[in-house]
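Descriptive analysis of the structure
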Amino acid sequence: MAQMKEGNMPNAHLHELFIDELKDILGAERQLLKGLKKMSAAAGSEKLKEAFNTHYQQTEGHIQRLKDVFSSLGLTARGKKCKAMEGLLAEADEIIEDFQDSPEVLDAALIAAAQKVEHYEIASYGCVVTYAKLMDHSEAKELLGQTLAEEKETDVLLTEIAMNEANVGETV
Ligand SMILES: [Fe+2]
Ligand SMILES: [Fe+2]
């Protein structure tokens, strides 16, 4: 049985996994900054552009929160390349290329790509919030929970934009 690394920390067996996931998410958020810039530039609808720009700023906040989480655990913040985010953003690039000449469908395609990213983040943050809770890392749980809420809000906002304009054909 592995020795507990931190005194009485409950569920210490999750510690390595928790830290590894945090590194992955930090890498993912950093990669996403570039992706959001591209998606914002490609978006036709002002609302969608604005949503991507707002989420860019939120993503900078998510990176800061992750740094705070690392320091709350007495660790230096370190990210690692997230292969999933790399793949999701490669698909977003592909979509931009494939639909750049069809503005009537490009926004709907961008929303689909962005929602896949958000769902990945929601899954990732959902897991680390649970681990933090199980290990009694209350500050980390609080910070990660705030980001999780913002990822969910972004997903809802994207659905709204899709339903209200991007996926709806011109009625004129
Ligand atoms: Fe994020
Ligand atoms: Fe996000």
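Coordinates for the structure precede this section.
To start, this report covers the structure provided alongside it. (Residues numbered from 1 in each chain as written. Chains lettered and ligands numbered in written order. Predicted model: local features only at pLDDT ≥ 70, side-chain atom pairs only at ≥ 80, totals over all residues. Heavy atoms only, no water.)

**Digging into the coordination of the iron ion (ligand 2)**
Definition in use: A donor here means an N, O or S atom no more than 2.8 Å from the metal, or no more than 3.2 Å when the metal is Na, K or Ca. Since water is not included, a site may seem to lack partners. Helix numbers and strand numbers start at the N terminus; a helix is a DSSP run of H or I with at least 4 residues, a strand a run of E with at least 2. Burial classes follow relative accessibility: with a 1.4 Å probe on protein chains only, a residue under 20% of its type's maximum area counts as buried, one over 50% as exposed, and anything between as partly exposed.
Protein coordination at the iron ion (ligand 2) comes from His 55 (NE2), Glu 118 (OE), Glu 118 (OE), Glu 121 (OE) and Glu 151 (OE), with a distance range of 1.8 to 2.6 Å. A separation of 3.4 Å is found between the iron ion (ligand 2) and the iron ion (ligand 1), which share Glu 121 as a coordinating residue. One end of the pair, His 55, is in helix 2 (residues 46-72); the other, Glu 121, is in helix 4 (residues 103-134), and 66 residues separate them in sequence. For the pair His 55 and Glu 121, one class covers both residues: buried.

**Overview of the nonpolar core**
To keep it simple, the criterion reads: Residue types Ala, Val, Leu, Ile, Met, Phe, Trp, Tyr and Cys, when buried and joined through side-chain atoms within 4.5 Å, form a set referred to as a nonpolar core. A contact between two residues is defined here by any heavy atoms of the two lying within 4.5 Å.
Of all hydrophobic cores here, the largest spans 26 residues; its most connected members are Met 39, Leu 48, Phe 52, Met 85 and Leu 110. Looking at this core, the elements with two or more residues in it are helix 1 (15-42), helix 2, helix 3 (83-99), helix 4 and helix 5 (138-166). Of all the elements, helix 4 adds the most residues to this core, at 7 residues. If near-sequence neighbours (up to four positions away) are discounted, Met 39 is found in contact with Phe 52, Ala 92, Ile 96, Leu 110 and Ala 114. Counting residues in hydrophobic clusters, the runner-up holds 25 residues, among them Met 9, Leu 14, Leu 33 and Phe 70.

**Focus on the packing of helix 1 against helix 3**
Filter applied, for reference: An axis is simply a line fitted to the C-alpha atoms; with a helix, the fit covers only the stretch in contact. Between two such axes, the angle follows the N-to-C directions and lies from 0 to 180 degrees. If an angle is under 35 degrees, it is roughly parallel; if it is over 145, roughly antiparallel; if it lies from 65 to 115, roughly perpendicular; otherwise it is oblique. Here the nonpolar group is Ala, Val, Leu, Ile, Met, Phe, Trp, Tyr, Cys and Pro; Asp, Glu, Lys and Arg are the charged ones; every other residue, Gly included, is treated as polar.
Taken N-terminus to C-terminus, the directions of helix 1 and helix 3 make an angle of 10°; their axes are 10 Å apart at the nearest point. The angle between helix 1 and helix 3 places the two elements in the roughly parallel class. For the pair helix 1 and helix 3, contact is made by Ala 28, Gln 31, Leu 32, Gly 35, Lys 38, Met 39 and Ala 42 and by Met 85, Glu 86, Leu 89, Ala 92, Asp 93 and Ile 96, respectively. Here the residues of the contact of helix 1 with helix 3 are counted per class, giving 8 nonpolar, 2 polar and 3 charged.

**Here we look at the state of the cysteines**
Note the cut-off: Two cysteine sulfur atoms form a disulfide, by the criterion used here, when they sit within 2.5 Å.
Counting across every chain of the model gives 0 disulfides. The thiol of Cys 127 is not disulfide-bonded; the next cysteine sulfur, from Cys 82, is found 13 Å away. With relative accessibility at 33%, the residue Cys 127 sits in the partly exposed group.

**Brief notes about helix 3**
Spelled out, the test is: The span you would expect from a helix comes to 1.5 Å times its residue count less one. It is the directions from the helix axis to the C-beta atoms whose arc is reported.
In this model, helix 3 (17 residues) spans 24 Å end to end at C-alpha, consistent with the 24 Å of a helix rising 1.5 Å per residue. Restricting attention to buried positions, one finds in helix 3 the residues Met 85, Leu 88, Leu 89, Ala 92, Ile 95 and Ile 96. All buried residues of helix 3 fall inside an arc of 110° around its axis, so they share one side. Exposed side chains of helix 3 directed beyond 90 degrees from the buried face belong to Lys 83, Glu 97 and Asp 98. Looking at the packing, one finds that the buried side of helix 3 touches helix 1 and helix 4.

**Considerations on a negative patch on the surface**
Counted only if it meets this: To count toward a patch, a residue needs a relative accessible area above 30% and no salt bridge. Like charges then connect within 9 Å, nonpolar side chains (Val, Leu, Ile, Met, Phe, Trp, Tyr) within 5 Å. To measure how exposed things are, a 1.4 Å probe is used in the Shrake-Rupley method; for residues, cover is taken only from the protein chains shown. Throughout this description, the term salt bridge denotes a Lys or Arg side-chain nitrogen within 4 Å of a carboxyl oxygen of Asp or Glu. When charges are tallied, Lys and Arg are placed among the positive residues and Asp and Glu among the negative ones, while His and the ends of the chain are skipped. A single reference atom marks each charge: NZ on Lys, CZ on Arg, CG on Asp, CD on Glu.
A grouping of Glu 91, Glu 94, Glu 97 and Asp 98 is seen on the molecular surface, where their side chains present a negatively charged patch. Here Glu 94 shows up in helix 3. Owing to a relative accessible area of 49%, Glu 94 belongs among the partly exposed residues under this scheme.

**Observations concerning unusual backbone geometry**
The phi angle at Asn 11 is positive, at roughly 55°, despite the residue not being glycine. Tracing the backbone through its elements, the reader meets Asn 11 in the segment before helix 1. The phi dihedral of Asp 136 is positive, around 60°, even though this residue is not glycine. For Asp 136, the location among the structural elements is in the loop between helix 4 and helix 5. Since its relative accessible area comes to 58%, Asp 136 is described here as exposed.

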